[in-house]
Amino acid sequence: MKLTTPVARILQATIIGPPGSGKGTVSTRILKHFDLKHLSSGDILRCHINDGTEFGKKIQPIVAAGKLVPFELLAPLMEYEIEQTNGGWLLDGYPRSEEQAERLNQKFPPNIAIHLNVPFETIIDRIKARWVHQPSNRVYNLDFNPPKVPVSVKYEQFTNSL
């Protein structure tokens, strides 16, 4: 049962941690209980790239090189996404820098920030087993959340996140 009281509608939270720390997993669990708009910076960026938007074309080489999307591109995108919500929201993976955090706090101060502190070795193991299904942008982990269709069967639709 989701909490849809006024408290849930005004909850504005961010969950931060390194890639592979479990932000998406924890976000999914929070969303089961609270009626919030889930705003994953990674999912939003992947959608723009896969949809071939002008923004996606601009950031694709940056993401393909394994770099973070620059502040001047990511901050306005996330602010736009927050503005589109009609109530509470949960940011997943944003902010990633002090500069982003300061701007977020000025424009849309979260009520709560959740920081996931996970050992480096655990993160490496998780990322090694992480695969993204390109057509749907769904993220799988071969160890504890494998796709229903084995990766070897439709390999061209999956990419390892390394």
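Residues numbered from 1 in each chain as written. Predicted model: local features only at pLDDT ≥ 70, side-chain atom pairs only at ≥ 80, totals over all residues. Heavy atoms only, no water.

**Description of the side chain of serine 27**
Point 1. Examined against the element boundaries, serine 27 turns out to sit in helix H2 (residues 23-31).
Point 2. A distance of 3.5 Å separates the side chain of serine 27 from the side chain of aspartate 92, its partner in a polar contact.
Point 3. Serine 27 has contacts with Ile15, His38, Leu90 and Asp92, leaving out every residue within four places of it along the chain. (Helix = DSSP H or I, 4+ residues; strand = E, 2+ residues; numbered from the N terminus. Polar contact = N/O pair within 3.5 Å; in protein donor to acceptor, adjacent residues only side chain to side chain. Contact = heavy atoms within 4.5 Å.)

**Looking at the confidence of the model for the chain**
Point 1. Overall, the predicted model of the chain reaches an average pLDDT of 86, with 86% of residues at or above 70.
Point 2. Confidence, expressed as mean pLDDT per element, reaches its minimum in the chain at strand S7 (residues 158-160) with 54 and its maximum at helix H5 (residues 71-83) with 96. (pLDDT = per-residue confidence, 0-100.)

**Quick word on the packing of helix H3 (residues 41-51) against H5**
Point 1. Interaxial distance between H3 and H5 falls to 11 Å at its minimum, and their mutual angle equals 100 degrees. Our classification of the angle between H3 and H5 gives roughly perpendicular. Of the residues in H5, those touching H3 at Ser41, Ile44, Leu45 and His48 are Leu74, Leu77, Met78 and Glu81.
Point 2. A breakdown of the residues in the contact of H3 with H5 according to their chemical character gives 5 nonpolar, 2 polar and 1 charged. (Axes fitted to C-alpha atoms, helices over the stretch in contact; angles between N-to-C directions. Parallel < 35°, antiparallel > 145°, perpendicular 65-115°, else oblique. Nonpolar A, V, L, I, M, F, W, Y, C, P; charged D, E, K, R; others polar.)

**Observations regarding the environment of phenylalanine 34**
Point 1. You can see phenylalanine 34 is positioned in the loop between H2 and strand S2 (37-40).
Point 2. In the structure, phenylalanine 34 is positioned 54 residues away from glycine 88 in sequence and 8.8 Å away in space, judged by C-alpha atoms.

**Digging into the pattern of salt bridges**
Point 1. Counted by the stated rule, this structure contains 4 salt bridges.
Point 2. Its salt-bridge partner being glutamate 54, residue lysine 57 comes within 3.7 Å of it at the nearest N-O pair. Of this pair, lysine 57 and glutamate 54 are both found in helix H4 (residues 54-64), 3 residues apart, which corresponds to roughly one turn of the helix. When sorted by exposure, lysine 57 lands in the same class as glutamate 54, which is exposed.
Point 3. One salt-bridge network, in which partners are shared between bridges, spans Glu79, Arg103 and Lys107. (Salt bridge = Lys/Arg side-chain N within 4 Å of Asp/Glu carboxyl O. Buried < 20%, exposed > 50% of the residue type's maximum accessible area, 1.4 Å probe, protein only.)

**So, unusual backbone geometry**
Point 1. Look at the link from tyrosine 94 to proline 95: it is a cis peptide, with omega at 5 degrees.
Point 2. With respect to the helices, strands and loops of the structure, proline 95 is situated in the loop between strand S3 (89-92) and helix H6 (98-107).

**Notes on the sheet that holds S2**
Point 1. Across the sheet, 4 strands lie side by side as S2-S3-S1-S4; this open sheet has parallel pairing. Of all the strands in the sheet, just S2 and strand S4 (112-115) have a single pairing partner and so form its edges. Put simply, the sheet's adjacent strands are angled 15 degrees from each other on average, direction ignored.
Point 2. Taken strand by strand, H3 contacts S2 and S3, and its axis lies near 70 degrees from that of S2. (Pairing = 2+ DSSP bridges.)

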